[in-house]
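Observations on the three-dimensional arrangement
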Amino acid sequence: MIRRGKNWARDLLNRFTEMCREILGENLTGVYLHGSAAMGCFQQEISDLDLLVIVNADVPDSVKADFMEHVICLNEEGPGKGMELSLVKREFCRPFVYPTPFELHFSEAHLEWYKRNPQEYVEKMRGTDRDLAAHFMITRRYGICLWGAGIEDVFGEVPAEAYRDSILYDMENAREDILINPLYVTLNLCRVLSYLREGLVLSKKSGGEWGLEHLPEAFHVLLRKALQCYASGEKMSVDTEKTVPFADYMTTEIHKTMPRIC
């Protein structure tokens, strides 16, 4: 990946916001940044830009098609993991509805589908998303309003049970996923356990640091390696002798914690 100047991300976000205003017009409630870029731990090589686009009413497929064409162009200029965004109607944000309906979603994981059949993508990429509970929680705690109505006015409180279900859903295949993406899963498991034990809503970086303070020393080498890779943008290699036992331990601890919080 080509390293850009220090202001490239801000420029990209500005152009994304202006695109939303132009295409969505009066239907646009606001554009909000969440995730690592809002939490102060964004890394160009390994992060994505996480965005929520809130609208007042349904978005016609013709408008979605125009919107997606621009998103794809902007995504080509994005960070290592591209852009991830969801269009959600304001009525589902406050009071918060779970699982949360969405009008449209995009991430690098869906890029090939869009390129293969843009019309099908626009018509079918809608439904409900349990991940939005976590995204909304982060937005309420750390989010940045790029344009539009204030965060407190748009996003209602996320119930603890919804947030808990959302983050548990994200790690339910941790033993398999850690072999595919050891960096994300290692740090994310720390975030999940920190919330279940202490009610903390942390970034991946802060989750890893919490793990170093609260988890057995046997896992510290793995955690330090994950934090080092996160800070440098280096790809984390898979070491099954360390990652699988860590995933097993964390999954057990998470399940042990559940009866105390249900």
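Report on the accompanying structure. Since the structure is predicted, the reported quantities are computational estimates derived from the model, not experimental observations.

**Things to note about the environment of H34**
Residue position: H34 is located in strand β1 (residues 28–34). As for H34 and L49, which are separated by 15 residues in sequence, their C-alpha atoms are 7.9 Å apart. Not counting residues within four places of it along the chain, the set of residues in contact with H34 comprises D50, L51, L52, H135, I138 and T139.

**A closer look at the sheet that holds strand β7 (residues 144–148)**
Strand pairing within a sheet occurs via backbone hydrogen bonds; the two strands may be parallel or antiparallel. A sheet is described by the order of its strands in space; here five strands give the open sequence β5-β3-β2-β1-β7, paired in mixed fashion. In this open sheet, the two strands that pair with only one neighbour each are β5 (104–106) and β7. The average angle at which neighbouring strand axes cross in this sheet is 15°, direction not considered. Looking at chain direction, strand β2 (residues 49–55) and strand β3 (residues 83–89) are connected through seven bridges and run parallel. Residue pairing for β3: V55 is matched across the bridge by K89.

**What about the packing of helix α1 (residues 8–24) against helix α3 (residues 61–75)?**
Put simply, α1 and α3 touch, their axes get as near as 10 Å, and they point 170° apart. Regarding the angle of α1 to α3, the classification is roughly antiparallel. The crossing of α1 and α3 is right-handed. Where α1 approaches α3, its residues L12, R15, F16, M19, C20, I23 and L24 are matched on the opposing element by V63, D66, F67, H70, V71 and L74. When grouped by side-chain class, the residues that make up the contact of α1 with α3 number 10 nonpolar, one polar and two charged.

**Considering the packing of helix α10 (residues 182–198) against helix α11 (residues 204–214)**
At a minimum axis separation of 8 Å, α10 and α11 run at an interaxial angle of 70°. When the axis of α10 is compared with that of α11, the two are roughly perpendicular. Handedness of the crossing formed by α10 with α11: left-handed. Listed contacts from α11 to Y184, L187, C190, R191, L193, S194, R197 and E198 of α10 are K204, G207, G208, W210, G211 and H214. Counted by class, the contact of α10 with α11 contains five nonpolar, five polar and four charged residues.

**Here's the deal with the side chain of E103**
You can see E103 is positioned in the loop between β4 (100–102) and β5. For the buried E103, no salt bridge is present, and the opposite-charge side chain at shortest range is K64, 4.1 Å distant. Here V59 takes part through its backbone nitrogen, which lies 2.9 Å from a polar atom of the side chain of E103. With residues near it in sequence (within four places) discarded, E103 still touches D58, V59, K64, L87, K89, M125 and R126.

**Observations concerning the pairing of β2**
Counting buried positions over the seven residues of β2 gives seven, a clear majority of the element. The alternating pattern of β2 places L49, L51, V53 and V55 on one face and D50, L52 and I54 on the opposite face, and all of these are buried. Two elements, β1 and β2, share six bridges in a ladder whose sense is antiparallel. From the neighbouring strand, V31 faces β2, where its bridge partner is V53. Viewed along the sheet, the connection from β2 through α3 into β3 turns out right-handed.

Thresholds applied
- Residues numbered from 1 in each chain as written.
- Predicted model: local features only at pLDDT ≥ 70, side-chain atom pairs only at ≥ 80, totals over all residues.
- Heavy atoms only, no water.
- Helix = DSSP H or I, 4+ residues; strand = E, 2+ residues; numbered from the N terminus.
- Contact = heavy atoms within 4.5 Å.
- Pairing = 2+ DSSP bridges.
- Axes fitted to C-alpha atoms, helices over the stretch in contact; angles between N-to-C directions.
- Parallel < 35°, antiparallel > 145°, perpendicular 65-115°, else oblique.
- Left-handed = near helix turned anticlockwise from the far one by under 90°.
- Nonpolar A, V, L, I, M, F, W, Y, C, P; charged D, E, K, R; others polar.
- Buried < 20%, exposed > 50% of the residue type's maximum accessible area, 1.4 Å probe, protein only.
- Lys, Arg positive; Asp, Glu negative; His and termini not counted.
- Salt bridge = Lys/Arg side-chain N within 4 Å of Asp/Glu carboxyl O.
- Polar contact = N/O pair within 3.5 Å; in protein donor to acceptor, adjacent residues only side chain to side chain.
- Right-handed = clockwise from strand over helix to strand, strands pointing away.

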